[in-house]
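Commentary on secondary and tertiary structure
Chain by chain, the residues run as shown.
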Amino acid sequence: AHITPVRIGDAVLCQDVAIRLLHESGIYVQPVNYPTVPKGEECLRIIVTPRHREADMIHLAKSLCRDAIYRVSVTTRGRRDKSRLYISTGTPINQQ
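First things first, this report covers the structure right here in the doc. Quick caveat, the model's predicted, so the values are computed rather than measured.

A separate point is the overall build of the protein. In terms of regular secondary structure, the protein is built from 2 helices and 7 strands. Helices and strands in the protein line up, N terminus first, as β-α-β-β-α-β-β-β-β. Looking at the protein residue by residue over its 96 residues, the buried ones come to 32%. A separation threshold of at least 6 residues defines the contact pool for the protein, and within that pool the share at least 24 residues apart is 54%. Total accessible area computed for the protein in this model is approximately 6,600 Å², and 55% of it derives from carbon and sulfur atoms.

What follows is the structure, encoded as structure tokens:
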């Protein structure tokens, strides 16, 4: 199995994305929050196994993008910030 972290960067948003993926797309991913990772580095832990088909990966990618587009901004620490969804390389995916 291969573990791929998808950096979210906000504990509340990380948990919310995981719940939405499960309830709306039938995808279980593990949210990883502080103290397992430093604050600000919250991520989803995605485990890919040989049993996953290409169609499963496409479904995951579309579901993550749909959730990212749905969340144009989040409130963190009392201010309004653009949310950023990161892939495992730490590269932000632009969201408008």
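Following the structure, the description resumes.
Strand order in this open sheet of 3 strands is β1-β3-β2, and the pairing throughout is antiparallel. Sheet topology places β1 (2-7) and β2 (30-32) at the edges, where each strand pairs with a single neighbour. In this sheet, adjacent strand axes meet at a mean angle of 30° when their direction is disregarded. Pairing between β1 and strand β3 (residues 43-48): 6 bridges, direction antiparallel. Counterpart to His 2 in the pairing with β3 is Val 48. Along the sheet face, helix α1 (residues 11-25) touches β2 and β3 and points at about 40° away from the line of β3.

Moving on, we get to the nonpolar core. Note on soluble globular proteins: their nonpolar side chains tend to be buried together. Ranked by internal contacts, the top residues of the largest apolar core, which has 13 residues, are Leu 21, Val 29, Leu 44, Ile 46 and Leu 64. Those elements giving two or more residues to this core turn out to be α1, β3 and α2 (54-70). The element contributing the most residues to this core is α1, with 5 residues. Sequence-distant contacts of Val 29, defined by excluding residues within four places in its chain, comprise Ala 18, Leu 21, Leu 44, Arg 45 and Ile 46.

So, on to α1. Since the α-helix turns once every 3.6 residues, residues separated by three or four places project in the same direction. A rise of 1.5 Å per residue sets the reference length of α1, with its 15 residues, at 21 Å; its end C-alpha atoms lie 21 Å apart and thus fit the reference within 8%. What α1 keeps buried is the set Leu 13, Cys 14, Val 17, Ala 18, Arg 20, Leu 21 and Ser 25. In a view along the axis of α1, the buried residues occupy a sector of 165°, so they form one face of it. Opposite the packed face of α1, turned more than 90 degrees from it, sit the exposed residues Val 12 and His 23. Where α1 begins, the side chain of Asp 10 points an oxygen toward the backbone nitrogen of Val 12, at a separation of 3.3 Å. Immediately downstream of α1, the backbone of Gly 26 shows phi near 70°, a positive value.

The next subject is the pairing of β3. Relative to β3, β2 runs antiparallel, the two sharing 3 bridges. Bridge pairing links Gln 30 to Arg 45 in β3.

Rules of the game
- Residue numbering note: each chain is counted from 1, following its sequence as written.
- At least 70 in pLDDT is required for a residue's local features to be given in this predicted model, at least 80 for side-chain atom pairs to be given and counted, and no such filter applies to totals for whole chains, interfaces and linings, which use all residues.
- Values shown for side chains rest on all heavy atoms present in the structure; no hydrogens or waters enter the calculation.
- Segments assigned H or I by DSSP are reported as helices when at least four residues long, segments assigned E as strands when at least two residues long, and all are numbered from the N terminus.
- Relative accessibility under 20% of the residue-type maximum defines a buried residue, over 50% an exposed one, and the middle range a partly exposed one, all with a 1.4 Å probe and only protein chains included.
- Throughout, a residue-residue contact means that at least one pair of heavy atoms, one from each residue, lies within 4.5 Å.
- Methods summary: accessible areas were calculated by the Shrake-Rupley approach with a probe of 1.4 Å, and residue burial reflects only the protein chains presented.
- The pairing criterion for strands is at least two bridges between them, as found by DSSP.
- Convention adopted: a line fitted to C-alpha atoms gives each axis, helices being fitted over their contacting stretch, and angles between N-to-C directions are expressed from 0 to 180 degrees.
- In plain words, nonpolar cores are sets of buried Ala, Val, Leu, Ile, Met, Phe, Trp, Tyr and Cys residues tied together by side-chain atoms within 4.5 Å.
- In this scheme, a helix's expected span is set at 1.5 Å multiplied by one less than its residue total.
- Directions drawn from the helix axis to the C-beta atoms are what define this arc.
- As used in this structure description, the phrase polar contact means that two N or O atoms lie within 3.5 Å; if the pair is within protein, one of them must be able to donate a hydrogen and the other to accept it, and residues adjacent in sequence are counted only when both atoms belong to side chains.

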